Amino acid sequence: MTQNSAQTTRYLADYRPYPFHLRETRLVFDLSPDATRVQSELDFTPLAQGADLVLDGGSALILHRLSIDGRDLSPADYDRKDETLTIPAATLPDGPFTLSADVQINPAANTTCEGLYLSGGIYCTQCEAEGFRHITFYPDRPDVMAPFQVTIHSDQPVELSNGDRAVPSEERHGAITRIGALWIDPWPKPAYLFALVAGDLRAVSGRFTTMSGREVALNVWVRPGDEDRAGFALESLVKSMQWDEQVYGREYDLSEFNIVAIDDFNMGAMENKGLNIFNSKLVLASPDTATDTDYERIEAVIAHEYFHNWTGNRITCRDWFQLCLKEGLTVFRDQQFTSDLRSAPVKRIEDVKTLRDRQFREDAGPLAHPPRPDRYQEINNFYTATVYEKGAEVIGMLKRLVGDDGYKAALDLYFTRHDGDAATIEDWLAVFQDATGRDLTQFKRWYTDAGTPHLTMAEDWAADDGRLTLTFTQETAPTPGQPDKPPRVIPIAVGLIGQNGDELRETQVLEMTQAQQAFRFDGLGARPVVSVLRGFSAPVTLSRDLDDAGRAFLLAHDRDPFARWEAGHGLALSSLTAMAQGGTAAAGHLDAIGRLIADQTAEPAFRALCLTLPGEDEVASLLAARGVTPDPDAIHAARESLAADLAQAHQAALAALYDAMETGGPYTPDAEPAGRRALRLAALGLLSRLDGGARAAALFDKAGNMTEQMGALTALVRADRADAALDRMLGLFSGNRLVMDKWFAVQPMAAPPARAASIARALAARDDFDWKNPNRFRALIGGLAANHAAFHAADGSGYDFIADWLIRLDPVNPQIAARISAVFDTWHRYDPDRRARARAALNRIAALPGLSRNSSEMVTRIIAAGD
Ligand code: B3K
Ligand code: ZN
């Protein structure tokens, strides 16, 4: 689809409105695996004199007929290039006209999971960002919005598209009279929100009555036999619809809402209007096949796609540079939803962990870009942690700065002012300015500037005056193409704690606007301990003069759960960075963890997070940021040894905790029992370092749910004694794709690094390594990449394994190949030998004849980091 395309860069500055209004789109599909016909009728009205009509259309489209108002065009009347078809202005009528096309495509040959394709015999589509152009010729850009009418003819029992079902009229086709499924979507939408599904599917159905009394039929469509695993998705949908009414006043606007689970899907899910298409791993769940984390993700992603109905569909993006307008906001909304339904502090910590692991990493390397980029080669490479997660953080900051009431007023204005629009970040900020009166000129830099600001905090205590002065300095390192970083407005939430642990000053948000700025606290009797960046009030890194005793104090006393977790996390990082460089664990670390294990007042999910050691990649990043070349083997050894030390120091308490956290009773995926299981498994992970996996083996054998089974299996793989458990799981679940994905992922990911690459190679040779399936590919190849010391093995085996597979996948599914190539984005921070091996692997990918535009852009940017 995107192979062999010239490398052209698109710029935000080049945006021009489309010179035609598209009044309506009518499509008729005749589905057949290798020769699907797509008839289109597009009603255009010219908006500018003398404009050519430029349509997007991939090179695989076979054009049988093109006509204007019933008059056939000959190839001489238009200009067809690789990705466009242009009808010159001279050939077009002066006023409104209808363009009709008859196009043939081949879904069975389409392995890209983009456009119209077959997944296990089910016809389905994925059009965001630019997939519709592989279905027919069209102005495939988000600012061209039209109501759609879609007729589907096929031999499939279920035929779905966007909007509501309508009664089809008879259609004459030669001598045959046919009646297809007719779908009418009255809400104007861009082509990226188009969807079609046809196949042998079964619905798990429900109903929802909206706040104004509209009756909505809800269906979750799955393969026959999967019905008993779709109930949780349906419940999550109902909760999402209720929540969006209660919290944002947003109501659903059609009579039907359909969700379809598909096995071959490039990402998590897609918010097509009224017809959300999901990766089956984010729909199907039962206690014996899905973990607590799976359940939480299903609930969040169902919500995310549903919330897009307003933030993305009713108000869409003017162009793809504005992607974070819909994604950042919708992530922010789904985070709020999960916080409301589950534990807000735990959700915040999890979100910050994800942000740091993925987005800070992106910002610190060759793939850094702002939430609103101003250039790209392949837009599919910009569905990133920066656009999504940082996009959400930026909204969180905005809310912090204007307050809850200001945020509500701004959102209400956004929905009324821009309903039906294709909007921009400027529109979004204008709404906040107009609703709150706040000047957001400086704030806008969060959208336009890449990089994570680094804050330094210095404390000055004037004992005689009882005054504490905090002086903050902000600095953002240059990122590719952006050498200068002016200061941004940074909300810094600060609280002051007395030496006895009392809260002396409650949380206050300081607004930093300059490169350096001081804030004074007067009237203090004794020097307080500063709790800073409470709730992670801004996506920045922070240096401060805090020793390990100070961290232990905050871990014990901070009222802010995030800051408390952060203190413990800082202690663990302090231990790990020291140990990886030949030193010892931080003073007081083991004792602090002991107090936490015993702290019955803290919720189990929180304690589980505190007991989980930082990942090896995070330790490597921290060392690299300090100018130390990370040694992956030393980091792995340090983490193993710290885990063993913690287990040794608290063996009895951990064993008691492991027993006490047993949930008993029937499984529910609710936050409370899930938290207990998380704490139990965190204890198990540590204890397994001492008992060689004995407890894990026992748990694996008697576990009544997949959460505990996978927790036990992970510990067994890490202890290198998982053979029996892996066999047993294979025997039980070889017919279940989603469980088998876990089976494929856990082995390379958790295996001792020295063995992981050979394990991965053996798994890749299996018949059931269906590598063209995105989930299976990600499980195995992504699994090895997630094993830091194995991916960065000194002999280059990790780099080579992954490069070999990316080379194989790129011609088949360029989007997934490009996305996974990002695992190489830290290659430049390692030692010269590793760098040479990584560079050689990257060069092999870059040299692949016909490399896709997707992979080419990624690999070129990644290689540049070493120049
Ligand atoms: N909007 C889609 C992502 C589309 C990815 C295209 N490569 C899912 C989501 O963010 O909800
Ligand atoms: Zn989204």
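A. The domain arrangement of the chain, seen in detail. Here the chain is described as being made up of domain 1 (1–46 + 53–74 + 94–200), domain 2 (201–314), domain 3 (316–448), domain 4 (454–538) and domain 5 (560–864). Once you take the C-alpha centre of each, domain 1 and domain 2 turn out to be 25 Å apart. On the domain 2 side, the residues contacting the 31 residues of domain 1 number 26 residues. Between domain 1 and domain 2 the total buried area reaches about 2400 Å² when both faces are included, carbon and sulfur atoms providing 56% of it.

B. Representation of the side chain of His788 within the structure. With respect to the helices and strands, the residue His788 is situated in helix H22 (residues 788–791). Excluding residues within four positions of it along the chain, His788 makes contact with Glu616, Asp617, Ala620, Pro632, Ile635, Arg829 and Tyr830.

C. Highlighting the nonpolar core. In terms of nonpolar packing, the biggest core is built from 159 residues, with Trp428 and Phe443 touching the most fellow members. If you tally residues by element for this core, the top one is helix H5 (residues 385–418), at 14 residues. In this structure, Phe443 is in contact with Val394, Met397, Leu398, Leu401, Leu429 and Val489, ignoring residues within four places of it in sequence. Counting residues in each nonpolar core, the second largest holds 99 residues, with Leu679, Ala745, Ala764 and Ala838 among its members.

D. Main features of the site of ligand 1. In the vicinity of ligand 1 lie 14 residues, with Glu128, Glu271, Glu305, Asn380 and Tyr388 positioned nearest. Within the side chain of Glu271, an N or O atom sits 2.8 Å from a nitrogen atom of ligand 1. In the model, an oxygen atom of ligand 1 is placed 3.1 Å from a nitrogen or oxygen of the His304 side chain. Put simply, the parts of the chain that give the shell around ligand 1 at least two residues each are strand E22 (269–270), helix H2 (292–307) and helix H3 (323–341). Residues lining the shell around ligand 1 come from more than one domain, with at least three contributed by each of domain 2 (201–314) and domain 3 (316–448).

E. How the structure looks around the coordination of the zinc ion (ligand 2). Binding of the zinc ion (ligand 2) to the protein goes through His304 (NE2), His308 (NE2) and Glu327 (OE), at separations of 1.9 to 2.1 Å. Counting the intervening residues between successive donors of the zinc ion (ligand 2) yields the motif H-x3-H-x18-E. One end of the pair, His304, is in helix H2; the other, Glu327, is in helix H3, with 23 residues separating them in the sequence. In this structure Glu327 comes out as buried when scored by relative accessible area, which is 1%.

F. Broad picture of the sheet that holds strand E9 (residues 97–105). The sheet built from eight strands is open, its strands ordered E6-E5-E9-E3-E2-E12-E17-E14 with mixed pairing. Two strands bound the open sheet, and with one partner strand each, they are strand E6 (71–72) and strand E14 (164–166). Looking at chain direction, strand E2 (residues 20–30) and strand E3 (residues 36–46) are connected through ten bridges and run antiparallel. The residue of E3 that forms the bridge with Thr25 is Leu42.

G. Summary view of unusual backbone geometry. For the bond from Glu128 to Ala129, the omega torsion is 0°, close enough to zero to count as cis. Structurally, Ala129 is set in the loop between strand E11 (122–126) and strand E12 (146–153). Even without glycine at this site, Phe536 takes up a positive phi of about 50°. Checked against the element boundaries, Phe536 lands in the loop between strand E32 (529–532) and strand E33 (541–544). We classify Phe536 as buried; its relative accessible area is 0%.

The rules behind the values
- Residues numbered from 1 in each chain as written.
- Chains lettered and ligands numbered in written order.
- Predicted model: local features only at pLDDT ≥ 70, side-chain atom pairs only at ≥ 80, totals over all residues.
- Heavy atoms only, no water.
- Domains from an automatic or database assignment.
- Contact = heavy atoms within 4.5 Å.
- Buried area = accessible area lost by both parts, 1.4 Å probe.
- Helix = DSSP H or I, 4+ residues; strand = E, 2+ residues; numbered from the N terminus.
- Core = buried A, V, L, I, M, F, W, Y, C linked by side-chain atoms within 4.5 Å.
- Buried < 20%, exposed > 50% of the residue type's maximum accessible area, 1.4 Å probe, protein only.
- Near = heavy atom within 4 Å.
- Polar contact = N/O pair within 3.5 Å; in protein donor to acceptor, adjacent residues only side chain to side chain.
- Donors = N, O, S within 2.8 Å, 3.2 Å for Na, K, Ca; no water.
- Pairing = 2+ DSSP bridges.

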